[in-house]
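The chain contents come next:
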Amino acid sequence: MSAVSDRLPTFPWDKLEPYKATAAAHPGGIVDLSVGTPVDPVPELIQKALVAAADSPGYPTVWGTPELRDAITGWVERRLGARDITHRHVLPIVGSKELVAWLPTQLGLGPGDKVAYPRLAYPTYEVGARLARADYVVYDDPTELDPTDVKLLWLNSPSNPTGRVLSKDELTRTVAWAREHGILLFSDECYIELGWEADPVSVMHPDVNGGSYDGIVSVHSLSKRSNLAGYRAAFLAGDPAVLGDLLQIRKHGGMMTSAPTQAAAVAALSDDTHVREQRERYAARRTALRDALLKHGFRIEHSEASLYLWATRDESCWATVSHLADLGILVAPGDFYGEAGENFVRVALTATDERVAAAVDRLA
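Just so it is clear, the model here is predicted, and its values are computed rather than measured.

Draft legend 1. View of the sheet that holds strand S12 (residues 332-333). A sheet is described by the order of its strands in space; here four strands give the open sequence S9-S10-S13-S12, paired in antiparallel fashion. Unpaired on one side and paired on the other, strand S9 (299-301) and S12 mark the two borders of the sheet. Pairing of S9 with strand S10 (residues 308-312), which is carried by three bridges, proceeds in the antiparallel orientation. Considered in S10, the bridge of isoleucine 300 is made with alanine 311. Lying on the sheet, helix H11 (residues 273-295) is in contact with S9, S10 and strand S13 (344-348); it crosses S10 at an angle near 0°.

Set out below in structure tokens:
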């Protein structure tokens, strides 16, 4: 066990504990904006679907029920603009973090193989490479990478932590480059429903992929759009050859979404109303926090999508974390996401309206 754990970095959020204690000691209580975990209720129609499927004594299938695959294919075509999507083009997964962490291992990558991901990125991309004993490289523009030994390229648009959205032209150029060099491309699009100042585009769109899904897979989650982080419901869409191999591997590993969760996911993907309502909540919180941070002397970069504001006072991120903790506000230091974030903090929109209002008052 120690041999595996020794490959991994220190869990970053442990470093926040002293600042969390400071923020919690504020007379008005802590406003925790450090983690992007939903706080609003699970929509009632989804809860009802879960309860209705509670009597599920048998094992679920890794590939999911036909109803779930229908719901996923319908959503991928309706929301992403993809065409000719069949059940072979989709695969349910047990939350997107599980997939990110174990994908290099499931692809058979190892020493000498390289996993590439953005210079500012969700830490689990690195963790996945480390678990597989693969090497990893970071990029500003993936097409400027040396393609030698790069076997897996991660895109992330909208980005966590920056909220940056890759344009259709950038995506098209990157897909073409990856195909030219025989590199498998996975696009983490878990925040695609949450564009504010940009309309995020998927690699599944024919304008990006030229009508072919060869060598590309997109990753999607119900955690943010439907407040289902506690359900662990996500899915892949893309190259049937890649997904077919992953399906066989995941069958052997028993990586199956629970039957009640599958039923809940069908309800979530079949309804767009609750997504619009949740977007409106986040939009209001985003406006309030953004205005308050700007008035407090922050500069905000990117942040045109996702559930975060990428903010700086042009000082060490830890100095900013300490300053805000004194106000009872906890945020994530930018260096959690790479050295390039050392002067930024990530401010999550995932707090109740009451807690967001408290943060705005304190920043004033």
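Draft legend 2. Spatial organisation of helix H4 (residues 66-80). When the terminal C-alpha atoms of H4 are compared, their 20 Å separation across 15 residues agrees well with the 21 Å that a helix rising 1.5 Å per residue should span. Those residues of H4 that fall on the buried side of the exposure criterion are Leu68, Arg69, Ala71, Ile72, Thr73, Trp75, Val76 and Leu80. On its buried face, H4 sits against strand S2 (90-93), strand S7 (216-221), strand S8 (234-238) and helix H10 (259-269). At the C-terminal side of H4, glycine 81 shows a positive phi close to 80°.

Draft legend 3. The nonpolar core, seen in detail. Counting 67 residues, the largest nonpolar core has Trp154, Phe186 and Leu236 as its most contacted members. Counting residues per element, this core draws most heavily on helix H12 (residues 317-326), which supplies five residues. Excluding its chain neighbours within four sequence positions, the residues that come into contact with leucine 236 are His89, Val90, Leu91, Ile93, Leu99, Phe186, Val217, Ser218, Val219, Leu243 and Leu246. The next biggest cluster of nonpolar side chains, apart from the first, holds 41 residues, and it includes Val42, Leu68, Leu80 and Leu166.

Draft legend 4. Just the pairing of strand S5 (residues 150-156), in detail. Most of S5 sits inside the fold, with six of its seven residues counted as buried. Strand direction decides the pairing type here: strand S3 (residues 114-118) and S5, joined by three bridges, are parallel. Bridge pairing links alanine 116 to leucine 153 in S5. Across five bridges, the pairing between S5 and strand S6 (residues 184-188) is parallel. Across the sheet, residue leucine 155 finds its bridge partner in S6, namely serine 187. Crossover S5 to S6 through helix H7 (residues 168-180) is right-handed.

Reading guide: rules and limits
- Residues numbered from 1 in each chain as written.
- Predicted model: local features only at pLDDT ≥ 70, side-chain atom pairs only at ≥ 80, totals over all residues.
- Heavy atoms only, no water.
- Pairing = 2+ DSSP bridges.
- Helix = DSSP H or I, 4+ residues; strand = E, 2+ residues; numbered from the N terminus.
- Contact = heavy atoms within 4.5 Å.
- Axes fitted to C-alpha atoms, helices over the stretch in contact; angles between N-to-C directions.
- Expected span 1.5 Å × (residues − 1).
- Buried < 20%, exposed > 50% of the residue type's maximum accessible area, 1.4 Å probe, protein only.
- Core = buried A, V, L, I, M, F, W, Y, C linked by side-chain atoms within 4.5 Å.
- Right-handed = clockwise from strand over helix to strand, strands pointing away.

Such coordinate-based values are descriptive only and should not be taken to indicate function.
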